[in-house]
Amino acid sequence: MTTRSEARPEWPAFSGADAGRLVLPDGSVVLVRPTVPGDAAALQQFFADLSAAARRQRFLSDIEPSDAVVASFCDSLDPATRLSLVALRQAEGSLNAVGLASYAVTNQAAEVGVAVADDMQSKGLGTALLERLAGVAATHGIERFDATALESNAAMLEVFHRSGFSLRSKTAQGVVALRLDLRLSARTVLAIDERNRLSTIASLRPLLQPARIAGAAMAAGAVILVWISFFAERC
């Protein structure tokens, strides 16, 4: 008989590819979904808008990815072999790509990469995308993620370390090879739960701002006064 303490950890809610709306710790809101072939132009623009440093951090080169590479990012029909999750944010009346996390399977592992728009970095988006990507990969029997990052890319290395997954790394000639174990542990679940908790707090923050509360109180007061006047006139 399996006791509660021995039960195998399960992926928390909102960790899959179809998680949809995502609220980041700073209150920023993005839409996360699997890519489709029609995303090619948006992703090409996303990579073109990245700074040379950001492209170098993702591809180890500041050259924009080829059409063939972009097309591969748009192929998410079979998550058992490859998947890309795109983060979209509303700006000037349209949804623009601000983040992309992808994996492609080789044996029991998958090569993973994450790119985040310059103005969306350090907001927790990369870690959130990695979490959702890992949740899908694990359900398809993928046991680990392999990644490569420049030793100078502190932000991306932090994304992997903050994920909560068991991590091994090896550095050679300025490049860090990382391996993430996607099997859930209590530590991983705690890290994911904490990110979900911060997102929930961030989503409620606008509703708890003094101006909003004062406005709601004034509106409620106005309704009460109307009813008082109504009953006074009837009496």
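Let us look at the structure shown here. Quantities reported herein were computed from a predicted structural model and do not represent experimental measurements.

1. Focus: the packing of aromatic side chains
Thought 1: If you walk through the whole model with that rule in mind, you get five aromatic pairs.
Thought 2: Between the aromatic rings of Phe47 and Phe73, the centroid separation amounts to 5.8 Å while the plane-to-plane angle is 40°, which identifies the pairing as tilted. Here Phe73 lies in helix H3 (residues 67-73) and Phe47 lies in helix H1 (residues 40-49), a separation of 26 residues in the sequence. The same class applies to Phe47 as to Phe73, namely buried.
Thought 3: Members of the aromatic cluster, joined through ring pairs, are Phe46, Phe47, Phe59 and Phe73.

2. Looking at the pairing of strand S8 (residues 175-181)
Thought 1: Of the pairings in the sheet, the one linking strand S6 (residues 144-150) to S8 comprises seven bridges and is antiparallel in character. Across the sheet, residue Ala149 finds its bridge partner in S8, namely Val176.
Thought 2: As paired elements, strand S7 (residues 166-172) and S8 share seven bridges and run antiparallel to each other. In the sheet register, Leu167 faces S8, and the bridge partner there is Leu180.
Thought 3: In sequence, S7 turns back onto S8 through a hairpin of two residues, with Gln173 there showing a positive phi of about 55°.

3. Section: helix H2 (residues 52-59)
Thought 1: Within H2, the full set of buried residues consists of Ala54, Arg55 and Arg58. One face of H2 carries all of its buried residues, which in axial projection span an arc of 100°.
Thought 2: On its buried side, H2 packs onto H1, H3 and strand S5 (109-116).
Thought 3: Downstream of H2 by one or two residues, Leu60 has phi in the positive range, about 60°.

4. Points about the pattern of salt bridges
Thought 1: Taken as a whole and assessed by the stated rule, the structure comprises seven salt bridges.
Thought 2: Across the salt bridge formed by Asp62 and Arg56, the nearest N and O atoms sit 3.5 Å from each other.
Thought 3: Classification of Asp62 as partly exposed rests on a relative accessible area of 35%.
Thought 4: Accessibility expressed as a relative area gives 34% for Arg56, which makes it partly exposed.
Thought 5: Between Arg183 and Asp181 there is a salt bridge, and its shortest N-O distance comes to 2.6 Å.
Thought 6: Taking the relative accessible area as the measure of exposure, Arg183 reaches 57% and is therefore exposed.

5. Focus: the packing of helix H4 (residues 125-139) against helix H5 (residues 154-162)
Thought 1: The N-to-C vectors of H4 and H5 enclose an angle of 45°; their axes lie 9 Å apart at closest approach. By the criterion of interaxial angle, the relationship of H4 to H5 is oblique. When you trace H4 past H5, the crossing you get is right-handed. On H5, the residues that touch Gly126, Thr127 and Leu130 of H4 are Val159, Phe160 and Arg162.
Thought 2: Partitioned by chemical class, the residues of the contact of H4 with H5 number three nonpolar, two polar and one charged.

6. A look at the pairing of strand S4 (residues 94-106)
Along any regular strand, the residues point their side chains to alternate faces of the sheet.
Thought 1: Alignment of strand S3 (residues 82-91) against S4, held across 10 bridges, turns out to be antiparallel. Across the sheet, residue Gln90 finds its bridge partner in S4, namely Leu95.
Thought 2: Connecting S3 to the next strand, S4, in antiparallel fashion are two residues, including Glu92 with a positive phi near 55°.
Thought 3: Pairing of S4 with S5 involves eight bridges; the strand directions are antiparallel. When the bridges of S5 are listed, Ser102 appears paired with Gly113.
Thought 4: What sits between the antiparallel neighbours S4 and S5 is a turn of two residues, in which Asn107 has the positive phi angle 60°.

Scoring rules and cut-offs
Residues numbered from 1 in each chain as written. Predicted model: local features only at pLDDT ≥ 70, side-chain atom pairs only at ≥ 80, totals over all residues. Heavy atoms only, no water. Phe/Tyr/Trp six-rings, centres within 6.5 Å; stacked < 30°, edge-to-face > 60°. Helix = DSSP H or I, 4+ residues; strand = E, 2+ residues; numbered from the N terminus. Buried < 20%, exposed > 50% of the residue type's maximum accessible area, 1.4 Å probe, protein only. Pairing = 2+ DSSP bridges. Arc of directions from axis to C-beta. Contact = heavy atoms within 4.5 Å. Salt bridge = Lys/Arg side-chain N within 4 Å of Asp/Glu carboxyl O. Axes fitted to C-alpha atoms, helices over the stretch in contact; angles between N-to-C directions. Parallel < 35°, antiparallel > 145°, perpendicular 65-115°, else oblique. Left-handed = near helix turned anticlockwise from the far one by under 90°. Nonpolar A, V, L, I, M, F, W, Y, C, P; charged D, E, K, R; others polar.

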